[in-house]
Amino acid sequence: MSPAMAAFLRPSSFALKFATKGVLAMALALYAAFFFDLDRPYWALISAAFLQTRPMSGMVVEKGICQVTGTFVGTCVAVVIMGCFAQVPELALGSVTLWIGLCIYGASLTHNNLSYGCVMAAVACMIIVVLTSSAPDDFFSVALARLSELSLGALCAVVVSALVWPIRVRDHLGKLSDTAVNATFRYMALAFSMPLEADRAVNRDTAGQSQGQQRERMAMLEQMMTGLDALNNLEIDAHSARYEGPQGKGRIRGVHLLTRRSMRLYATLKALHQLRHPEFFVPPQTEDVEASAHPSDLDQTRSQEAERFSQPTQDLMQRLGAAFQSMADNQGTAQARKTLKELRGECLRLSRGQRSITALEARLLFSLREVLGHALVILQAREVINHPGRHQLRQPSMSWHRDHGRAAIDALRAMAIFSATAIFWLATAWDNGAVAMLLGTLFSGIFVSRGDPAPIIPMVLKGLLLAVPSVLLFGNVMLSHAQHFVPFVIIFSIPLFLGLMGSVVPALAGIALPFVVFNILLVMPDNGMTFDVAYTLNRSLAAGIGLIVTIIGFRLIPVPGAGWDKRQLIRATASDIRELAERSTERLDSWFGGRMGDRLLRLARHEQTRSREQEARRSGENASGQPDDAQQQVLGMPLLTLGLTGMDIGRGIGFVRRELGNDVPRPVQHALRELIHALADDYQRCARGESPTRMRAAGDRLCEVIEQHRTMSRHKQALLAGWLTRVQLTLQSDALRQQRS
């Protein structure tokens with residue numbers, strides 16, 4: 001049975017509860033609006049419907065606050081606009097256009113429900129100005145009515161969410177944290193357990209080896225994407241926990257700690273795994289590619305593949321793989337902590353016990369201790385999320401990456417969509433033209449938080465096409481026979497219940513939720529409603545025009561793709577790396593880690609989209625009998641790998657600056673600054689597919705100056721040399737991967 005059929009014929013208990021709560025909230029809002037004799041009760045209905053899309057108590061409260069606040073701000077702006085241009089509709093609409101652009105710009109830069117509040121500020125101002133442009137005397141009553149209706153709907157949604165089958169954000173965060181930690185540990189288990197290429201070559205079976213490598217790579221990619229997706233959802237949803245009691249802020253700090261340490265762990269682990277398995281990140285080249293590649297790149301890659309670590313170190317990494325697999329299989333937290341501490345002590349004993357250890361292997365063992373330390377903190381962060389009262393934690397929030405260029409594009413698109421529908425409304429004097437303006441503004445704002453909303457808007461249009469016959473049947477034929485509120489609500493709730501039940505299925509959500517909204521907008525239940533089929537079709541046509549204009553707007557002014565984001569994120573990361581030379585060492589890691597966390601999550605989202613596209617392409621190639629070569633492209637993870645490399649470089653710079661201390665001789669300080677700027681430049685070069693050229697000389701110069709001034713111990717100097725070698729190999733490998741991606 002298809003998911004669409006199963007959603008309605010065999011719905012889950014969660015789907016039934018979700019639909020029931022949504023219908024109850026909307027029915028309560030409609031009854032209260034009728035009771036207080038509000039002008040347009042359907043606005044209270046729409047308000048309750050939008051808040052029920054995420055029915056967790058804290059999220060409903062936060063979204064309701066943002067909705068009411070945004071509506072109030074939009075109402076105040078509408079007061080100013082109508083006070084200045086009440087007699088000149090063209091200037092009033094021009095001012096609204098500028099306000100919509102400003103709100104969408106803010107929505108693109110903000111996150112979570114703050115973005116929704118910005119959209120509501122734009123919509124409220126637009127509705128009030130448009131509805132009162134022909135009757136300015138009614139302005140204050142209309143503005144007060146809109147604010148009252150939306151606030152009433154938000155209040156009803158909050159009451160139902162808190163009293164009827166309440167779902168808590170804290171339980172949601174606990175499940176997501178378990179998913180993130182277990183996926184991270186499974187990824188680590190696979191990374192440490194994977195045998196070296198030399199071990200594979202003992203009994204070489206080309207076909208079996210290739211299939212085994214692909215399975216290992218796909219398993220690692222799947223676990224990494226699962227963990228990053230859970231971390232992304234944690235950061236998005238965590239802020240709502242503050243509305244569920246005094247322990248909510250502790251959970252938020254636990255989420256920030258979990259995200260930061262997980263990102264650091266992924267960056268360190270990626271570098272370690274790349275040293276052990278360069279073939280994982282740089283797939284074998286064909287003879288033609290080898291002939292065209294730069295000799296130094298090939299020599300460096302071959303020397304990297306020939307790098308071997310001592311047998312005790314390899315045995316230790318195999319033990320780490322088994323230990324992390326046991327932890328991922330729901331091993332107790334106390335036992336996991338004990339195991340991690342024992343392994344960390346063994347890493348320390350191994351690094352001190354081997355006399356002929358190379359600088360690179362010394363750095364490897366040091367990084368292994370870092371990985372185990374991150375794992376211990378991750379376990380603590382999960383405990384804080386689940387039981388914040390048992391722990392006292394101070395953890396600053398992450399710094400969000402703000403792409404002002406993309407925000408300007410989103411604002412320009414929203415202004416163009418509204419201007420097109422406003423000109424159409426002024427030219428035709430069509431009463432229902434305001435519906436087209438409303439939908440164009442609403443959807444151009446809601447979709448700014450999505451990576452590529454162009455494929456979703458046609459699904460909204462499908463929701464409208466399905467809503468039209470539903471409205472004609474339930475809204476025009478059956479509702480005309482309802483004489484009291486109870487039968488009215490029962491009849492009206494049938495399509496709403498079905499739509500909410502279908503919205504639980506991800507494949508149907510893009511159609512089911514618009515189906516619910518359009519059922520409300522086209523029926524418009526109020527005290528003076530009519531059951532005219534022609535009027536319903538007229539509003540349906542206006543809604544369709546608004547959606548078509550929105551689709552055209554997103555086609556003509558598309559959302560910047562992964563290439564744009566890659567350039568912006570790489571440029572911002574390189575800028576932050578350069579700034580590490582000037583910032584104080586006290587909060588160096590927290591500052592850089594906080595700024596890199598959101599960038600890594602964005603790159604992970606792009607990687608997930610890219611993986612899905614290539615998976616679909618691979619399925620088509622397999623169906624046509626062509627070779628399955630897209631899988632190798634998916635496994636390269638070029639975007640996410642660049643972000644992890646940037647995180648690793650920043651962490652390494654922080655280590656060097658902390659070891660040198662604050663009282664650094666001027667020559668050492670100058671050499672360190674040169675190395676940091678060289679690393680930033682080479683990082684940008686490898687993002688363009690070019691080999692690093694500056695960092696090796698700058699690193700050698702820093703090591704010489706440190707040895708001359710004796711500002712670092714011999715052991716720390718060996719760790720520094722090993723880190724520089726590791727970064728050099730990583731940047732060269734990333735450059736090769738960028739050339740082939």
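Criteria and cut-off values
- Residues numbered from 1 in each chain as written.
- Predicted model: local features only at pLDDT ≥ 70, side-chain atom pairs only at ≥ 80, totals over all residues.
- Heavy atoms only, no water.
- Helix = DSSP H or I, 4+ residues; strand = E, 2+ residues; numbered from the N terminus.
- Buried < 20%, exposed > 50% of the residue type's maximum accessible area, 1.4 Å probe, protein only.
- Contact = heavy atoms within 4.5 Å.
- Areas by Shrake-Rupley, 256 points an atom, 1.4 Å probe, with all protein chains shown as cover.
- pLDDT = per-residue confidence, 0-100.
- Expected span 1.5 Å × (residues − 1).
- Axes fitted to C-alpha atoms, helices over the stretch in contact; angles between N-to-C directions.
- Parallel < 35°, antiparallel > 145°, perpendicular 65-115°, else oblique.
- Left-handed = near helix turned anticlockwise from the far one by under 90°.
- Nonpolar A, V, L, I, M, F, W, Y, C, P; charged D, E, K, R; others polar.
- 1 Å grid on protein atoms, 1.4 Å probe; cavity = no way out; pocket = protein on both sides within 12 Å on 5 of 7 lines; lining within 4 Å.
- Points joined across faces, edges and corners; volume = space filled by probe spheres on them.
- Phe/Tyr/Trp six-rings, centres within 6.5 Å; stacked < 30°, edge-to-face > 60°.
- Lys NZ or Arg CZ within 6 Å of the ring centre and 35° of its normal.
- Salt bridge = Lys/Arg side-chain N within 4 Å of Asp/Glu carboxyl O.
- Core = buried A, V, L, I, M, F, W, Y, C linked by side-chain atoms within 4.5 Å.

> Would you mind going over the overall build of the protein chain with me for this structure?
Across its full length, the protein chain holds 30 helices and zero strands. For the protein chain, the proportion of its 741 residues judged to be buried stands at 57%. When contacts within the protein chain are restricted to residue pairs at least 6 apart in sequence, long-range pairs at least 24 apart make up 81% of them. In the structure as shown, the protein chain presents an accessible area of about 30900 Å², 57% of it carried by carbon and sulfur atoms.

> I tried to follow the environment of P11 on my own but got confused; where do I start?
Within the secondary structure, P11 sits in the loop between α1 (3–9) and α2 (13–35). On the basis of relative accessible area, P11 is assigned to the partly exposed category, the value being 26%. Apart from the residues lying within four places of it in its own chain, the contact partners of P11 are A6, L16 and M501.

> Looking at this structure, I do not really get the confidence of the model for the protein chain. What am I missing?
Low-confidence regions, as indicated by low pLDDT, have predicted coordinates that should not be scrutinised in detail. Scored by pLDDT, the protein chain comes out at a mean of 80, with 84% of its residues at no less than 70. Under a pLDDT of 50 for its full length, residues 198–204 has, in the predicted model, nine contacts with residues more than four places off or in other chains. Low pLDDT, under 50, characterises residues 280–295; the stretch is placed with 24 contacts to residues that sit more than four places away or in other chains.

> Explain helix α22 (residues 506–523) here, please?
Residue pairs spaced three or four apart in an α-helix point in one direction, given the helix's 3.6 residues per turn. For α22, which comprises 18 residues, the first-to-last C-alpha distance of 26 Å matches the rise-based estimate of 26 Å (1.5 Å per residue) to within 8%. In terms of burial, α22 is largely enclosed, as 13 of its 18 residues are buried. Where α22 ends, the next residue or the one after it, M524, has phi of about 50°, a positive value.

> Teacher, can you tell me more about the packing of α2 against helix α3 (residues 41–51) here?
The description of two helices packed together rests on the angle between their axes and the distance between the axes. Across the interface, α2 lies against α3 with an axial gap of 8 Å and an inter-helix angle of 155°. The angle between α2 and α3 falls in the class roughly antiparallel. α2 and α3 meet at a crossing whose hand is right-handed. Mapping the contact onto sequence places A25, M26, A29, L30, A33 and F34 in α2 and P41, A44, L45, A48 and A49 in α3. Grouping the amino acids of the contact of α2 with α3 by side-chain chemistry returns 11 nonpolar, no polar and no charged.

> It is not clear to me how empty space enclosed by the protein should be interpreted in this structure. Could you clarify?
In this approach, a probe sized like a water molecule rolls over the atoms, and the result shows the empty space that is left. With the rule as written, the count across this model stands at three cavities of 30 Å³ or more. Considered as a void within the structure, the largest cavity measures approximately 140 Å³ in volume. Of all elements in the fold, only α3, α4 (57–85), α6 (112–132), α19 (433–446) and α22 reach the threshold of two or more residues within the lining of the largest cavity. Here the lining of the largest cavity gets five residues from one element, more than from any other, and that element is α6.

> Just to check I follow, could you spell out the packing of aromatic side chains for this structure?
Aromatic rings in a pair are described by how distant their centres are and how their planes are angled relative to each other. Counted by the stated rule, this structure contains 15 aromatic pairs. Geometrically, the ring pair formed by F50 and Y116 is tilted, given 6.5 Å between the ring centres and 45° between the ring planes. Of this pair, F50 sits in helix α3 while Y116 sits in helix α6, and the two are 66 residues apart along the sequence. Taken together, a centroid distance of 5.6 Å and an interplanar angle of 65° make the contact between Y187 and Y266 edge-to-face. A residue pair is termed long-range when its members are at least 10 positions apart, and Y187 in helix α8 (residues 169–193) and Y266 in helix α11 (residues 248–276) qualify at 79 residues. Across the pair, exposure class does not vary: Y187 and Y266 are buried alike. Chaining the aromatic ring pairs together yields one cluster made of Y31, F34, F35, F36 and F485. The ring of Y116 has K63 lying over it, and the distance from NZ or CZ to the ring centre is 4.7 Å.

> What am I meant to see in the environment of G646 here?
As for its position among the elements, G646 is in helix α27 (residues 638–660). Residue G646 is classed as buried on the basis of its relative accessible area, which comes to 0%. Excluding anything up to four places from it in sequence, G646 contacts T573, I577, F592, M596 and Y683.

> I keep staring at the packing of helix α28 (residues 666–687) against helix α30 (residues 714–740) and nothing clicks. Help me out?
Close contact between α28 and α30 brings their axes to 8 Å; oriented N to C, the two are set at 25°. Classified by the interaxial angle, the pair formed by α28 and α30 is roughly parallel. Here α28 and α30 pass one another in a crossing that is left-handed. Where α28 approaches α30, its residues L675, L679, D682, Y683, C686 and A687 are matched on the opposing element by W723, L724, V727, L731, D734, A735 and Q738.

> How do you make sense of the pattern of salt bridges when you look at a structure like this?
Side chains that carry opposite charge are capable of pairing whenever their charged atoms lie near each other. For the structure shown, the criterion picks out 14 salt bridges. Here R714 ties to E707 by a salt bridge, and the two come within 3.4 Å at their closest N and O atoms. Residues joined in a network through salt bridges with shared partners are R578, D681 and R694.

> Can you help me understand the nonpolar core in this one?
The tendency in soluble globular proteins is for nonpolar side chains to be buried as a group. In terms of nonpolar packing, the biggest core is built from 105 residues, with F185, L231, F324, L368 and Y683 touching the most fellow members. The element best represented in this core is helix α17 (residues 359–386), accounting for 14 residues. Discounting residues that sit within four places of it in the chain, F185 has contacts with F324, M327, A328, A375 and L379. Ranked by size, the runner-up nonpolar core spans 101 residues in total, among them A32, F50, M437 and A467.

> Sorry if this is basic, but what is going on with unusual backbone geometry here?
A negative phi angle is the norm for most residues apart from glycine, just as the trans form is the norm for most peptide bonds. Notably, D37 is not glycine yet its phi reads approximately 55°, a positive angle. Summarising the element assignment, D37 is placed in the loop between α2 and α3. When its relative accessible area of 55% is taken as the criterion, D37 is described as exposed. Although it is not a glycine, M524 adopts a positive phi angle of roughly 50°. With respect to the helices and strands, M524 occurs in the loop between α22 and α23 (533–556). In this structure M524 comes out as buried when scored by relative accessible area, which is 9%.

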